[in-house]
Amino acid sequence: MLRRTGRVRRRLILAATAVAALAVSTAAVTTAYAQDEPTNLIINGDFASGTDPWWHTENLIGAVADGEWCLDVPGGTANAWDAIIGQNDLPLTAGESYELRFTARASTPLSVRALVQRDVDPWPSAIEEFPVLDTEPQVYSYTFTANEDWSDAQLAFQIGRHAEPWQFCISDVAVLSDAEPPVYEPDTGPRVRVNQVGYLPEGPKRATLVSDATESVAWALQDAAGAEVASGVTDPHGTEPTSDLAVHTIDLSDVTATGEGFTLTADGEVSYPFAIGAGAYDSLAIDALSFYYPQRSGIAIDDEIAPGYGREAGHVGAAPNQGDVDVPCYPGTCDYSLDVSGGWYDAGDHGKYVVNGGISVAQVMGTYERALHADGGDADRLGDGSLRIPEHGDGVPDVLDEARWEMEFLLSMQVPAGEQLAGMAHHKMSDEAWTGLPLLPADDPQPRYLGPPSTAATLNLAAAAAQCARLFSPYDEAFAAECRTAAETAWDAATANPDMLAQENVPAGSGGYGDAELDDEFYWAAAELFLTTGESAYEDFILGSQLHTDDVFDANGFGWQSVAPLARLQLAAVPNSLADRERVIDSVVAAGEDYLARQAASPWDLAYGQSGQFDWGSNSNVLNAMIVTAVAYDLSGDERFRDGVYAGLDYILGRNALNNSYVTGYGTHDSRNMHSRWYANQLDPTLPNPPVGTISGGPNSVSSTWDPVAQRWLQDCTGQGCYIDDIGSFATNELTVNWNAPLSWIANFVADTTEGSDPQPDDLAAVENLAATPTTETVKLTWDTPPWTNEIEVRRDSTVIAVLPGGSTEYTDTDLEPNTEYVYTVTGVPEGDEGALGSSVSVTTGFPPDEGACQATVSVVNDWGSGWQGAVQVRNYGESSINGWDVGWTWTEDQRITQLWNAEWEQTGADVTTSPLGWNAAIASGGSVEFGFIATGPAEPQDFISCEFAD
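Residues numbered from 1 in each chain as written. Predicted model: local features only at pLDDT ≥ 70, side-chain atom pairs only at ≥ 80, totals over all residues. Heavy atoms only, no water.

An unreviewed UniProt entry lists the chain under the name Endoglucanase, with Glycomyces paridis as the source organism. UniProt annotates the chain under Sequence similarities (unreviewed entry) with the comment "Belongs to the glycosyl hydrolase 9 (cellulase E) family." As recorded by UniProt, the Catalytic activity (unreviewed entry) comment attached to the chain reads in full: "Endohydrolysis of (1->4)-beta-D-glucosidic linkages in cellulose, lichenin and cereal beta-D-glucans." (UniProt positions renumbered as here; feature names shortened; annotations may be inferred.)

Printed below as a string of structure tokens:
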């Protein structure tokens, strides 16, 4: 697998900020002109007459000497526009092309912002550039085409936002008419397009050749040493609509060789290198989820955990921040403040949104929930210690720890009891006005406000919190109970206020996330609440919804504004007692068939965009459609669906019209200049690019949504080609929490459904003949003497339980639960650059004698003297699954239960009886369910309480 942190191949043509830009130390730059005498729209650009009619903000002081205007720029400003020089009233003509040219230097290397714009809200621009200045004079040249007639254009150099004072010097400024129109030619590399990360040995392996040839051409596959591994001929396809390119397809699926550094040659072109191996996506599964830690608000990012991304905590109430520990409502909407610190920054800005946060955290939790329920799912792979986060050692799966950071923020956005609209959720919280790029979270000076509540946000909270309640129940009953209460409260509030739409531009410094169709949010929330509670009221709502029987799946996948497919997937995949669940399952499998049909028609294996339209965030649509197909595989076991997912990833990872991998750090030619205020290396070399495993939004052909960069360079694009890896192109190159969520889900699906990592030449060999001998409470492990002398590590269910001296051949694990399955892994402890292969064995401890198949215990979770929190575990020690249980016990003192969750219950005197909710009635052989309660009186644990299974 090619997982990179450095550029393998220098781009031939840089993206927008340098496409038509040239910085040289000589005195002249040559630009082609349509006629001999272009008109210079700038007056006194050589400063021969002083500085008139130039203007500058009051915080700048400067003087002209030798034709150069030098100004002292104060430090400590937050935004580029906090210090500006400019000239007004430039006439631009629609369709005409111009060259912006100037010479500039700085007292220290840094970037500034240069624009030709209108000085009226919303400040539309004809060109926006971010030249990086050096201490020696450089000549900068940019060409642009005006899209409208403007009589009042403004040239502005925005030079604020730097922490330390510095000096800016500029000379020879010109905006020249009659330039040749700028042309953007993306670096598409070789015409043989492959998945630049790799192919799976058991999966499809296809490539695409861009060629006008009407007949087949020969292809050959070479390994890293240049030896030919396979050969054949292409299948001509002709011109296809998503790219407007003539293409051929190449099928390598019969290749069984594995390794790295393969290349594919066809029509005189050699592809970027790629791997073939079972472990091709193991690191992506972790990297895509580890993206969220540096995206956190309200916590300092530890550079040891996320190397290169350490920064101060953002929005913890420390100046210059004005949030988020006491954020007021937007003026005129309510009269209270909330502590809404924490959570994830939504995208490349500093806003936090309930709607987008809701689907994001749901899919992150769903990554874990799938691993719990799907055949072959590996929840241990996402366990404690698996991700790059600070919560290691708490016994909670890391994926849930990360989800909790966002979930607690969502809970804090609920309108408090006693207030008008209590139980509703505020739509968002954000800055009063937009800030510029770059700007670290801790440096944001803007006032922060709560956006008004909305029904959509409230239902997002209800759905995500309901899912939280069932997933956190085994790890933190109190938090699970808090999530359930919030979910039920939100549902009641939403049904009481069913059409409260978002006020999209409140506050002004925020994304809208408006949605006028709320039936799908109600359907999703009801689905999650039913899956958690099993209550008939939610089931009745689901069965009565028109969406429940509609065909909710289409070629566009789904997203934050269209969540009915997500609800349908959850109802199909999460075990439940819904009356028509089989029909629901059939509908998902049918949607998977539709996906495969669309994919088969595409020479890119792309089941999206066949109409020619690519929407904002199209890559998330591609991935979410793949999730539908992946769930169809989980439900049916039909490997055609699995292979459809494998092939679908090809497009994301380089097999596309632009020959670009949209995931940072993966592939030879990858996206790395996503729109972000702190992953802004393109603007400030001291800042990083986005973390490895970050996905770009991808092509967007809807020109009405384009940013100035897209408007400038993508006017004649088609479908897949409507993308530019430029930090200014938020319409095509944004990063967001809801786009990395489906990438995380799919990468983990692929990691779960492959056979594991391939051995590397320097790996320590696996121990041989690993065997396990169980008793009721112990497991003895034995293995052959290994061929190395390294220490030996023993893991139980992914947790290290022992490190043994080199040469050891046995270990006994003690104090285990009876009749419980454990997975043990034994590996050598690597040294230096070594890797290590592990051997694993699964074993089940013996059945406890004389206690029966149904066993239950009461344990103490927390005791505060006057009351306590307890947990009841019901375990099936029988040889087959059961469906129904009754558990009871008798207190020995005056305990009274005041609250109990995840079970039906009744207390009469000292006697307590409990029975399941619909969703937790079934217990597999060796499995268990838990429920919790709050009680008064002394804490009292009990073993072997009354436990009976239904007949």
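J.: Report on the packing of aromatic side chains, specifying residues and quantitative values.
T.: Scanning all chains against the criterion turns up 38 aromatic pairs. For the pair F157 and F168, a centre-to-centre distance of 6.3 Å together with 45 degrees between the ring planes defines the contact as tilted. Residue F157 is located in strand 12 (residues 150-158), and its partner F168 is located in strand 13 (residues 166-176); the two are separated by eleven residues in the primary sequence. No difference in accessibility class separates F157 from F168, as the two residues are buried. Judged by centre distance (6.2 Å) and plane angle (25 degrees), the rings of F262 and F274 are stacked. (Phe/Tyr/Trp six-rings, centres within 6.5 Å; stacked < 30°, edge-to-face > 60°. Helix = DSSP H or I, 4+ residues; strand = E, 2+ residues; numbered from the N terminus. Buried < 20%, exposed > 50% of the residue type's maximum accessible area, 1.4 Å probe, protein only.)

J.: Explain the confidence of the model for the chain to me, using residue names and the numbers behind them.
T.: For the chain, per-residue confidence averages 91 on the pLDDT scale, and residues scoring 70 or more make up 94% of the total. Confidence drops under a pLDDT of 50 for residues 1-34, and excluding neighbours within four residues, the segment shows 104 contacts in the predicted structure. Here residues 757-761 is modelled with pLDDT under 50, and outside its nearest four sequence neighbours on either side it reaches eight contacts, counting other chains as well. (pLDDT = per-residue confidence, 0-100. Contact = heavy atoms within 4.5 Å.)

J.: Describe the UniProt feature "active site" (unreviewed entry) in the chain, naming the residues involved and giving the relevant values.
T.: Here the UniProt feature "active site" (unreviewed entry) sits at D725 and E734. Mapped onto the fold, D725 is located in the loop between helix 13 (708-713) and helix 14 (730-733). Here D725 falls in the buried class, since its relative accessible area comes to 3%. In this structure the side chain of D725 is engaged in a polar contact, spanning 3.2 Å, whose partner is the backbone nitrogen of R672. (Polar contact = N/O pair within 3.5 Å; in protein donor to acceptor, adjacent residues only side chain to side chain.)

J.: Which residues make up the sheet that holds strand 33 (residues 779-782), and what values go with them?
T.: With antiparallel pairing, the three strands of this open sheet are ordered in space as 32-33-36. The open sheet has two edge strands with one neighbour each: strand 32 (771-774) and strand 36 (810-813). Ignoring strand direction, the axes of neighbouring strands in this sheet form an average angle of 15 degrees. For strand 32 and strand 33, the ladder comprises four bridges, and the chain directions are antiparallel. Bridging from a neighbouring strand, A772 pairs with L781 of strand 33. (Pairing = 2+ DSSP bridges. Axes fitted to C-alpha atoms, helices over the stretch in contact; angles between N-to-C directions.)

J.: Got a sec to walk through the state of the cysteines? Specific residues and values, please.
T.: Throughout the structure, instances matching the rule amount to five disulfides. Covalently, C329 is tied to C334 through a disulfide, its sulfur atoms 1.4 Å apart. Its torsion about the S-S bond being 50 degrees, the disulfide of C329 and C334 is classed as right-handed. For C334, a relative accessible area of 27% corresponds to the partly exposed category. At a sulfur-sulfur separation of 2.0 Å, the disulfide partner of C717 is C722. Disulfide C717-C722: torsion about the S-S bond near 100 degrees, hence right-handed. (Disulfide = S-S within 2.5 Å.)

J.: Describe the domain arrangement of the chain, listing the residues and the values that go with them.
T.: Each assigned domain of the chain is listed with its residue range as follows: domain 1 (55-177), domain 2 (192-277), domain 3 (296-301 + 314-578), domain 4 (768-845) and domain 5 (854-949). Using only C-alpha atoms to locate each centre, domain 3 and domain 4 end up separated by 40 Å. (Domains from an automatic or database assignment.)

J.: Let's hear about the pattern of salt bridges: which residues, and what values?
T.: If you walk through the whole model with that rule in mind, you get 34 salt bridges. The partner of E128 in a salt bridge is R113, and the shortest N-O contact between them spans 2.6 Å. Within this pair, whereas E128 is found in strand 9 (residues 125-129), its partner R113 is found in strand 8 (residues 113-118), the two being separated by 15 residues in sequence. Its relative accessible area of 18% is what places R113 among the buried residues. For E129, the salt bridge is made with R712, and the minimal N-O distance between the two is 2.1 Å. Taken together, the positions of E129 in strand 9 and R712 in helix 13 put the pair 583 residues apart, joining distant regions of the chain. Here E129 matches R712 in class, with each residue buried. One salt-bridge network, in which partners are shared between bridges, spans D324, K352, D431, D444 and R448. (Salt bridge = Lys/Arg side-chain N within 4 Å of Asp/Glu carboxyl O.)

J.: Explain the sheet that holds strand 26 (residues 352-353) to me, using residue names and the numbers behind them.
T.: Strand order in the open sheet formed by three strands is 26-28-29, with antiparallel pairing between adjacent strands. The open sheet has two edge strands, strand 26 and strand 29 (448-450), and neither has a second partner. Strand direction decides the pairing type here: strand 28 (residues 428-431) and strand 29, joined by three bridges, are antiparallel. For M429, the partnering residue across the bridge sits in strand 29 and is L450.

J.: Kindly report on the side chain of Q907, identifying the contributing residues and their values.
T.: With respect to the helices, strands and loops of the structure, Q907 is situated in strand 45 (residues 904-908). Owing to a relative accessible area of 12%, Q907 belongs among the buried residues under this scheme. Within polar-contact distance, the side chain of Q907 engages the backbone oxygen of Q895 at 2.9 Å. Here the side chain of Q907 touches G909 through a polar contact of 3.0 Å, landing on its backbone oxygen. With residues near it in sequence (within four places) discarded, Q907 still touches W891, Q895, R896, I897 and V912.

J.: Tell me about the pairing of strand 17 (residues 218-222), and name the residues and values.
T.: Along a regular strand, successive side chains alternate from one face of the sheet to the other. A large share of strand 17 lies buried, amounting to four of its five residues. Sheet topology note: the strand 17/strand 18 (residues 228-233) ladder contains five bridges and is antiparallel. When the sheet's bridge partners are listed, L221 is paired in strand 18 with A230. The antiparallel pairing of strand 17 with strand 18 creates a hairpin that spans five residues between the two strands, and G226 there sits at a positive phi of about 90 degrees. Where strand 17 meets strand 21 (residues 259-266), four bridges bridge the pair, whose relative direction is antiparallel. Residue pairing in the sheet places L221 in a bridge with L264 of strand 21.

J.: Could you give an account of unusual backbone geometry, with specific residues and numbers?
T.: In this chain, A319 is followed by P320 through a cis amide linkage whose omega measures 5 degrees. Along the polypeptide, P320 turns up in the loop between helix 2 (282-290) and strand 24 (327-328). Of the consecutive residues V506 and P507, the connecting peptide bond is found in the cis state with omega at -5 degrees. Here P507 shows up in the loop between helix 6 (477-496) and helix 7 (519-533).

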